[in-house]
Amino acid sequence: QVQLVESGGGLVQAGGSLRLSCAASGSFFSFLHMAWHRQAPGKQRELVAAIPMIGSTDYAASVKGRFTISRDNAKNTVYLQMNSLKPKDTAVYYCTAKQPGSLEYDYWGQGTQVTVSS
C-alpha cells in the first residue's frame, strides 16, 4: 500500500510560481511511476505531468515549458515546479502513482488546492 501526501498549494498571482511536493510512504517508491493530475471546477481530471522509474518525463501540452516534474528517490518525494502560472491552472492538484505495468494510477493523494488570481 502506498500513501501520498501533497503540500505546497496556495494562492498566487498570475505569472507567479509554486512548488508542490508529494511525500510517499513505502519502501518501493523508486519503482513507482509518479505523476501529478489536476481537476478544475466543472472539468474532467487531467494528467499534468508524469515521471517514470526510468525514462523521460511527459507533460500536458498546456503546461509544457512552464511546469517541471522531478523526483528524489532517497526522500520518497516527487515535486512539481510550476512557473508562469495562469488563472486556467487553478485546480486541485493530486499526486498519483502506479505500479510498473499498471494501466491505471492506483494511488492518489487527497489533493492540494492551487488558485491563480488574475
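To be clear, the structure that these remarks concern was listed above.
Residues numbered from 1 in each chain as written. Predicted model: local features only at pLDDT ≥ 70, side-chain atom pairs only at ≥ 80, totals over all residues. Heavy atoms only, no water.

Asks: Talk me through the environment of Phe-28; I want residue IDs and the actual numbers.
Replies: Assignment of secondary structure puts Phe-28 in the loop between β3 (18-24) and β4 (33-39). For Phe-28, a relative accessible area of 59% puts it in the exposed group. Phe-28 sits 27 residues away from Gln-1 along the chain, and the two C-alpha atoms are 9.8 Å apart. (Helix = DSSP H or I, 4+ residues; strand = E, 2+ residues; numbered from the N terminus. Buried < 20%, exposed > 50% of the residue type's maximum accessible area, 1.4 Å probe, protein only.)

Asks: Run through the pattern of salt bridges, naming residues and quoting values.
Replies: Evaluation of the coordinates by the stated rule reveals three salt bridges. The closest approach of N and O atoms between Glu-46 and Arg-38, which form a salt bridge, is 2.6 Å. With its nearest N and O atoms 2.8 Å apart, the salt bridge here joins Asp-89 to Arg-66. Taken as a pair, Asp-89 in the loop between β8 (77-82) and β9 (91-98) and Arg-66 in the loop between β6 (58-59) and β7 (67-72) lie far apart in primary sequence, 23 residues in all. (Salt bridge = Lys/Arg side-chain N within 4 Å of Asp/Glu carboxyl O.)

Asks: Summarise the sheet that holds β3; cite the residues concerned and give the values.
Replies: Ordered by their spatial adjacency, four strands build an open sheet running β1-β3-β8-β7, and the pairing between neighbours is antiparallel. The open sheet is flanked by β1 (4-7) and β7, the only strands paired with a single partner. Neighbour to neighbour, the strand axes of the sheet diverge by 15 degrees on average, direction disregarded. Taken together, the four bridges between β1 and β3 define a ladder with antiparallel strand orientation. (Pairing = 2+ DSSP bridges. Axes fitted to C-alpha atoms, helices over the stretch in contact; angles between N-to-C directions.)

Asks: Any details on the packing of aromatic side chains? Residues and values, ideally.
Replies: Applying the stated criterion across every chain, the model contains two aromatic pairs. On the basis of an interplanar angle of 50 degrees and a centroid distance of 6.5 Å, the ring pair of Phe-28 and Phe-31 is categorised as tilted. On the basis of relative accessible area, Phe-31 is assigned to the partly exposed category, the value being 43%. One cation-aromatic arrangement involves Arg-45 over Trp-108; the distance from NZ or CZ to the ring centre is 4.6 Å. The ring of Phe-29 carries Arg-71 above its face, with NZ or CZ at 4.8 Å from the centroid. (Phe/Tyr/Trp six-rings, centres within 6.5 Å; stacked < 30°, edge-to-face > 60°. Lys NZ or Arg CZ within 6 Å of the ring centre and 35° of its normal.)

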